[in-house]
Amino acid sequence: MRERLLAAEKVKSIDWCEGRLRLLDQRKLPTQELWHTYDSVADVAGAIRDMVVRGAPAIGISAAYGLVMGLRARLASGGDWRLALEEDFQLLAESRPTAVNLFWALTQMRERLERLKPGEDPLVALEAQAVSIHESDREANLTMAQFGVELIRKHQGNPQNLLTHCNTGALATGGFGTALGVIRAAHLEGLVECVYVDETRPWLQGSRLTAWELAGEGVPVCLNVDSAAAHLMKTRGISWIIVGADRITANGDVANKIGTYSLAVLAMHHGVRFMVVAPSSTIDMELETGEEIPIEERAGAELLEVNGQRFAADVEAFNPVFDVTPADLIDAIVTEKGVVERPNAAKMAALMSRRRLH
Ligand code: MRU
């Protein structure tokens, strides 16, 4: 299946080109395909904060490349580059709080610097580390797609209706996608009747990004408002909800785009299976439960305005952009290290002690 998946890779949103980072502006899709080129760490941190690039793995990869550009500038200005680089680590770490892939990537970069041998060029080493983070995410996507398809097939071998939330595709990762990677692979295997896509208020990652990616590949797709989920589960024979994650804690709780938790509660009520697909870089074994995950709250204007025009009444808005789904509502967590069914702390610990399969 791997070759078919590779052949199906069309969209990419992150390009490291001659020491500069190019990002496809995800705020403009699908009406405009606009690329920006970045050559400073501050601009990359701004691009993450302002959602030019979004999706947990894509944020981590971009931050890694951002740090390479930070190091280049620090080396050029002389002085204690290690000390100065701490400001760049800090700047990137403050860009968004919930997706742990960002902090995971920064830790990988820091550890690479700590392993520098005498005389080794730090810039060459960090650039190679960033490229490796990018490449390994791509590989993880391919492995997860295969595991996810096996799981779908294990329960039912004929074409099925699936439901997804937010965007977890090529735009959000270094490759094929996480949850959307499984869905795309399932389509290639003839297992998809229709993919229902939550529009995903307020940023509309579903209508703008996921629907665009799926339609571009000829996957049958149907858009719905987020609040149609219960009705869809009751009337459209949805067999799986398949979503990504921004952070998974040691007990298997999952933070993902706001609305994911309600989908899991509804899935339990309707007997619909619930699958989370995420690379092991999304698993935070330092946190015991989802209660400890910092949940990003963005400006109320995202709910009160459309294109800068206020349409809501003159009130305050509460805008948490992620929520936490408890492990006991999840049927399976699919990672590149393997699949954990009915997750709990013991199973997550066993998974994380395994070596990568690819
Ligand atoms: O606010 P976003 O668009 O960065 O949120 C993205 C999500 O919630 C995704 O589901 C998650 O990051 C997984 S992406 C493979």
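Note that the structure is predicted; figures quoted are calculated from it, not measured. (Residues numbered from 1 in each chain as written. Predicted model: local features only at pLDDT ≥ 70, side-chain atom pairs only at ≥ 80, totals over all residues. Heavy atoms only, no water.)

### Observations concerning the site of the ligand
As a structural note, the neighbourhood of the ligand is formed by 18 residues, with R54, R96, Q205, N256 and K257 the closest of them. R54 is positioned such that a nitrogen or oxygen atom in its side chain is 2.5 Å from an oxygen atom of the ligand. In this structure, R96 approaches the ligand through a side-chain N or O atom, which is 2.8 Å from an oxygen atom. In the complex, the protein chains occlude 100% of the 410 Å² of accessible area that the ligand would expose alone. At the level of elements, α3 (56-76) and β9 (254-257) are the ones that each hand at least two residues to the shell around the ligand. Tallied by class, residues from the shell around the ligand come to seven nonpolar, seven polar and four charged. Among the domains, domain 1 (2-135) and domain 2 (143-352) are the pair contributing at least three residues each to the shell around the ligand. (Near = heavy atom within 4 Å. Polar contact = N/O pair within 3.5 Å; in protein donor to acceptor, adjacent residues only side chain to side chain. Areas by Shrake-Rupley, 256 points an atom, 1.4 Å probe, with all protein chains shown as cover. Helix = DSSP H or I, 4+ residues; strand = E, 2+ residues; numbered from the N terminus. Nonpolar A, V, L, I, M, F, W, Y, C, P; charged D, E, K, R; others polar. Domains from an automatic or database assignment.)

### Observations concerning the domain arrangement of the protein chain
Domain boundaries in the protein chain define domain 1 (2-135) and domain 2 (143-352). Taking only C-alpha atoms, the centre of domain 1 and the centre of domain 2 are 24 Å apart. Counting residues at the interface gives 34 residues for domain 1 and 38 residues for domain 2. On the domain 1 side of the interface with domain 2, the three residues burying the most area are L5, R54 and T98, jointly 22% of the side's total. Summed over the shared surface of domain 1 and domain 2, the number is two salt bridges. Our count for the contact surface shared by domain 1 and domain 2 stands at 19 residue pairs in polar contact (both at pLDDT 80 or more). When residues of the side of domain 1 that touches domain 2 are traced back to their parent elements, those giving at least two are α1 (2-7), α3 and α5 (100-114). (Contact = heavy atoms within 4.5 Å. Buried area = accessible area lost by both parts, 1.4 Å probe. Salt bridge = Lys/Arg side-chain N within 4 Å of Asp/Glu carboxyl O.)

### Structural notes on the nonpolar core
Membership of the largest hydrophobic core comes to 38 residues, with the highest contact counts inside it found for L21, L23, Y38, L92 and M109. Listed by contribution, the elements that provide at least two residues to this core are β1 (14-17), β2 (20-24), α2 (41-49), α3, α4 (81-93), α5 and α6 (122-155). Top element by residues in this core is α3. It accounts for eleven residues. If near-sequence neighbours (up to four positions away) are discounted, Y38 is found in contact with R20, L21, L23, D43, V44, A47, V52 and M69. (Core = buried A, V, L, I, M, F, W, Y, C linked by side-chain atoms within 4.5 Å. Buried < 20%, exposed > 50% of the residue type's maximum accessible area, 1.4 Å probe, protein only.)

### Remarks on the packing of aromatic side chains
One pass over the structure, following the stated rule, counts one aromatic pair. The interplanar angle of 10 degrees and the centroid separation of 4.6 Å between the aromatic rings of W16 and Y65 together place this pair among those described as stacked. Within this pair, whereas W16 is found in strand β1, its partner Y65 is found in helix α3, the two being separated by 49 residues in sequence. Y65 matches W16 in its accessibility class, with the two residues each being buried. Across from the ring centre of W35, 4.7 Å away, lies the NZ or CZ of R22, which sits over that ring. (Phe/Tyr/Trp six-rings, centres within 6.5 Å; stacked < 30°, edge-to-face > 60°. Lys NZ or Arg CZ within 6 Å of the ring centre and 35° of its normal.)

### Quick look at the pattern of salt bridges
Tallying each qualifying case throughout the model produces 22 salt bridges. Where E213 meets R184, a salt bridge forms, and the shortest distance between an N and an O atom there is 4.0 Å. Here the residue E213 occupies a position in helix α8 (residues 205-216), and R184 occupies one in helix α7 (residues 179-188), the gap between them amounting to 29 residues. Two residues, D331 and R342, come together in a salt bridge whose shortest N-O distance is 3.0 Å. Of the two residues, D331 is situated in the loop between β14 (322-325) and β15 (332-335) and R342 in the loop between β16 (338-341) and α12 (345-352); the sequence distance between them amounts to eleven residues. Put simply, R96, E296, R298 and E302 are held in one network by salt bridges that share partners.

### Considerations on the side chain of R96
Within the element layout of this structure, R96 appears in the loop between α4 and α5. At a separation of 2.9 Å, a polar atom in the side chain of R96 contacts the side chain of E296. The contact partners of R96, leaving out residues within four places of it in the chain, are I48, R49, M51, R54, I59, L102, F103, E296, R298, V321 and F322.

### Considering unusual backbone geometry
A cis geometry characterises the amide bond from L29 onward to P30, with omega recorded as 0 degrees. Cis geometry is found at the peptide bond from R201 to P202, where omega equals -5 degrees. Assignment of secondary structure puts P202 in the loop between β5 (192-198) and α8. Non-glycine residue T200 carries a positive phi angle of around 70 degrees. Positionally, T200 belongs in the loop between β5 and α8. Residue classification places T200 among the buried residues on the basis of a relative accessible area of 0%. For N307, which is not glycine, the phi dihedral falls at a positive 50 degrees.

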